[in-house]
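Results of the structural survey
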Amino acid sequence: MFDLQGHTALVTGAGQSVGAGIATVLARQGASVIVNDLHAERAESVAAIIAAEGNRAIASAWDVTDYEATVDHVRAAEQELGGHVDILVNNAGIAEGRWNLPFRELTPELWRLPIDLNIYGSLNCTKAVIDGMCDGGWGRVVQISSGSARAGENINVSMYATGKSGIEGFIRHLAAETGQYGVTANVLALGEQKNLEAVMPPEIIEQIVASIPIGRLGEPEEIGAACVYLASNEAGGLTGQTIDLNGGSQTR
């Protein structure tokens, strides 16, 4: 069950935290994994960890908001692995140089960074692999999103949330267009994850954890396990859905 042998997966933003967990768990289930990250050293580190477990992965560093670079790197990785990408996890979503400001303090120039990454980054990667999936009669697209896409929050992430909302809408339409070809497309909307501990003070983490019914932050490998299911043959009847993976939180 949930055997991914013979499949090739691309995981974007996989050089750390949630993306690294997704790539690692997909590889453990037998998929050959392309580990994408903006930074080559991060991608190489995760690919090396996967290889050390006896599984197959290659590192491929590029900016997913660059369409030409995306196509070039995907084709090169497919050639190296000897198969087209039939599992795509659009995970990259936290832009470097990001800022958290109220919308009233943002300028149009500042709108673009999170929207380009969350919408155009995912569109670019999807476009690069969707024909191969449809022509091959099988494919899985998993979009990583956030509860912020559907819950208004006073935490200064309106543009990030706008990007997530937009790409969730796209995934529903993609699912409708490609289901006839054996391709599914779903969204995982995440709650707060363990990587927050690196960027927030302990007292804030305590407040966040207190609001989560399971009483803890999410773990990267839990997200990986959900991606394995959505990428499997067993999930072939599930498409066009947004699944909340948030520890029971009612807001995120």
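Refer to the structure above for everything that follows.
The shown structure was predicted, so the numbers you read here are calculated from the model rather than taken from an experiment.

Observations regarding the packing of aromatic side chains
Applying the stated criterion across every chain, the model contains two aromatic pairs. Ring geometry for F2 against Y229: centres 5.8 Å apart, planes inclined by 90°, an arrangement best described as edge-to-face. Taken together, the positions of F2 in the segment before β1 (8–11) and Y229 in helix α7 (residues 220–231) put the pair 227 residues apart, joining distant regions of the chain. Ring geometry for F103 against W111: centres 5.8 Å apart, planes inclined by 20°, an arrangement best described as stacked. Residue classification places W111 among the partly exposed positions, given a relative accessible area of 32%.

Notes on unusual backbone geometry
Its identity is not glycine, yet F2 carries a phi of approximately 60°, on the positive side. Classification of F2 by relative accessible area gives partly exposed; the value is 26%. Phi angles above zero are rare outside glycine, and S17 is one such case at about 40°. As for its placement among the helices and strands, S17 is situated in helix α1 (residues 17–28). Since its relative accessible area comes to 32%, S17 is described here as partly exposed.

Thoughts on helix α2 (residues 40–52)
In a regular helix each residue adds 1.5 Å, so 13 residues correspond to 18 Å; α2 covers 18 Å between its end C-alpha atoms and thus fits that length. Among all positions in α2, only A43, V46, A47 and I50 are buried. Down the axis, α2 shows its buried residues gathered within 100° of arc, on one side only. Exposed residues on α2 whose side chains face more than 90 degrees from its buried face are E41 and A52.

Comments concerning the pattern of salt bridges
Charged atoms that come close allow side chains of opposite charge to pair. By the definition in use, this model includes five salt bridges. Note that R28 is salt-bridged to E221, the shortest N-O span being 3.1 Å. With R28 in helix α1 and E221 in helix α7, the pair connects residues that are 193 residues apart, well separated along the chain. When its relative accessible area of 38% is taken as the criterion, R28 is described as partly exposed. For E221, a relative accessible area of 43% translates into the label partly exposed. Notably, a salt bridge pairs R112 with D116, separated by 3.4 Å at the nearest N-O pair. Placement of both R112 and D116 in helix α4 (residues 108–136) is noted, with a separation of four residues, approximately one turn of the helix. What emerges from the salt-bridge pattern is a single network uniting R28, E53 and E221.

Thoughts on a negative patch on the surface
Residues D63, D66, E68 and D72 make up a contiguous surface patch of negative charge. Counting through the fold element by element, D63 comes out in the loop between β3 (57–61) and α3 (67–81).

Details of the nonpolar core
Core analysis: the largest hydrophobic core is formed by 32 residues, its most contacted members being I22, L26, V33, V35, V89, I144 and L188. Of all the elements, α1 adds the most residues to this core, at seven residues. Beyond its immediate sequence surroundings of up to four residues, V33 is in contact with A9, V11, A23, L26, A27, R56, A57 and I58. Listed in part, the 28 residues of the second largest apolar core include L10, I58, V74 and A95.

Cut-off values and rules
Residues numbered from 1 in each chain as written. Predicted model: local features only at pLDDT ≥ 70, side-chain atom pairs only at ≥ 80, totals over all residues. Heavy atoms only, no water. Phe/Tyr/Trp six-rings, centres within 6.5 Å; stacked < 30°, edge-to-face > 60°. Helix = DSSP H or I, 4+ residues; strand = E, 2+ residues; numbered from the N terminus. Buried < 20%, exposed > 50% of the residue type's maximum accessible area, 1.4 Å probe, protein only. Expected span 1.5 Å × (residues − 1). Arc of directions from axis to C-beta. Salt bridge = Lys/Arg side-chain N within 4 Å of Asp/Glu carboxyl O. Patch = residues over 30% accessible without salt bridge, like charges linked within 9 Å, V, L, I, M, F, W, Y side chains within 5 Å. Areas by Shrake-Rupley, 256 points an atom, 1.4 Å probe, with all protein chains shown as cover. Lys, Arg positive; Asp, Glu negative; His and termini not counted. Charge placed at Lys NZ, Arg CZ, Asp CG, Glu CD. Core = buried A, V, L, I, M, F, W, Y, C linked by side-chain atoms within 4.5 Å. Contact = heavy atoms within 4.5 Å.

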